[in-house]
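# Examination of the molecular architecture
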Amino acid sequence: MRWRGLLEAAADLAWGGSCAGCGRPGPVCCPACARLVRGQPPRPVPLDDLAGVVWARGEYADELRALILACKERQGLGLVPLLAELAVGSVAAVLRESWRSGPVVVMPIPSSRATVAARGFDLTWLLARGVARRLSRLGMQIRAQRGLVLAAGTRDQVGLGVVDRTVNRQHSLRALPGPAAQVVLVDDIVTTGATLTAAAHELEAAGHRLLGAGVVAATPRRDGRRWRSP
Ligand SMILES: [Zn+2]
């Protein structure tokens, strides 16, 4: 609920809040945490199906994880601009690798209606809009557009294991009709890459050209290999 987020923001202003990254009293993200997450350069995420195509700003761990969780689970609308700024770096890396010329569409991975209602805002849409706005200021022909929808019957990913996630997401995204475009996908977190793979298949079947995906964070690999930015 948006008003709840606003009330919480007002309360923070009036009585002092704390940093969602480290818990210190102060703004919703303190300068030290902001510096820390901004300081991580985008890196390609080692995913089997989408190697070299997905870029993230850091591991879904520590301060970055705390900031994303606070944004998603505590109606942290105030953290969206920072997360969008981080996503810009990932999308810019995708563009540097695979874009040559022509207009680009930034497309969010959709969330379920229940998730958006509980959160009070549509995080991935706001990220996509923030990314497009920032890059268009640099002179690029780039805009945000919702081009994927969740097919009926898709459950929320929360609480599902890896196998269930894959089954749940297979054929669960549908591309909306529209003219063919060069597309960069945007999401907050990539875990197995199953969602992005499903989205890539749908978009390519619908005639789009997928340039890649820019995400804020990638969950650490289960095999323990770290890929933290230097
Ligand atoms: Zn902090």
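Just above sits the structure.
Remember, it's a predicted structure, so these values are computed and weren't measured experimentally. (Residues numbered from 1 in each chain as written. Predicted model: local features only at pLDDT ≥ 70, side-chain atom pairs only at ≥ 80, totals over all residues. Heavy atoms only, no water.)

Looking now at the coordination of the zinc ion. Looking at the metal site, the zinc ion is ligated by Cys19 (SG), Cys22 (SG), Cys30 (SG) and Cys33 (SG), spaced 2.3 Å from it. Around the zinc ion sit four donor atoms, and with donor-metal-donor angles ranging over 107 to 113° the site reads as tetrahedral. When the donor residues of the zinc ion are listed from N- to C-terminus, their spacing reads C-x2-C-x7-C-x2-C. Here Cys33 lies in helix 2 (residues 31-38) and Cys19 lies in the loop between helix 1 (2-15) and helix 2, a separation of 14 residues in the sequence. This pair shows no difference in class: Cys19 is buried, exactly as Cys33 is. (Donors = N, O, S within 2.8 Å, 3.2 Å for Na, K, Ca; no water. Tetrahedral: all angles 85-135°; square planar, octahedral: opposite > 155°, others 65-115°. Helix = DSSP H or I, 4+ residues; strand = E, 2+ residues; numbered from the N terminus. Buried < 20%, exposed > 50% of the residue type's maximum accessible area, 1.4 Å probe, protein only.)

So, about the pattern of salt bridges. Taken as a whole and assessed by the stated rule, the structure comprises three salt bridges. With a shortest N-O distance of 2.6 Å, Arg38 and Glu85 are connected by a salt bridge. With Arg38 in helix 2 and Glu85 in helix 4 (residues 80-98), this pair connects stretches of sequence that are 47 residues apart. A relative accessible area of 42% places Arg38 in the partly exposed class. For Glu85, a relative accessible area of 30% puts it in the partly exposed group. Close ionic contact of Asp122 with Arg146 constitutes a salt bridge, the shortest N to O distance being 3.0 Å. In this pair, Asp122 is assigned in the loop between helix 5 (113-119) and helix 6 (123-137) and Arg146 in the loop between strand 4 (142-144) and strand 5 (148-150), connecting sequence segments 24 residues apart. Taking the relative accessible area as the measure of exposure, Arg146 reaches 43% and is therefore partly exposed. (Salt bridge = Lys/Arg side-chain N within 4 Å of Asp/Glu carboxyl O.)

Turning to the sheet that holds strand 8 (residues 209-218), a few remarks are in order. An order of 1-2-8-7-3-4 is seen for the six strands of this open sheet, with the pairing classed as mixed. The strands lining the two open edges of the sheet, one partner per strand, are strand 1 (43-44) and strand 4. Note that strand 7 (residues 182-190) and strand 8 share eight bridges and pair parallel. Bridged to Val184 within strand 8 is Gly212. Set on the sheet, helix 4 makes contact with strand 2 (54-59), strand 3 (104-108), strand 4, strand 7 and strand 8; between it and strand 8 the angle comes to about 145°. (Pairing = 2+ DSSP bridges. Contact = heavy atoms within 4.5 Å. Axes fitted to C-alpha atoms, helices over the stretch in contact; angles between N-to-C directions.)

In this section: the pairing of strand 8. Remember that side chains alternate between the two faces of the sheet whenever the strand is regular. Most of strand 8 is tucked away: nine of the ten residues are buried. Two elements, strand 2 and strand 8, share five bridges in a ladder whose sense is parallel. When the sheet's bridge partners are listed, Trp55 is paired in strand 8 with Gly214. With respect to chirality, the unit in which strand 7 leads through helix 8 (residues 194-205) into the neighbouring parallel strand 8 is right-handed. (Right-handed = clockwise from strand over helix to strand, strands pointing away.)

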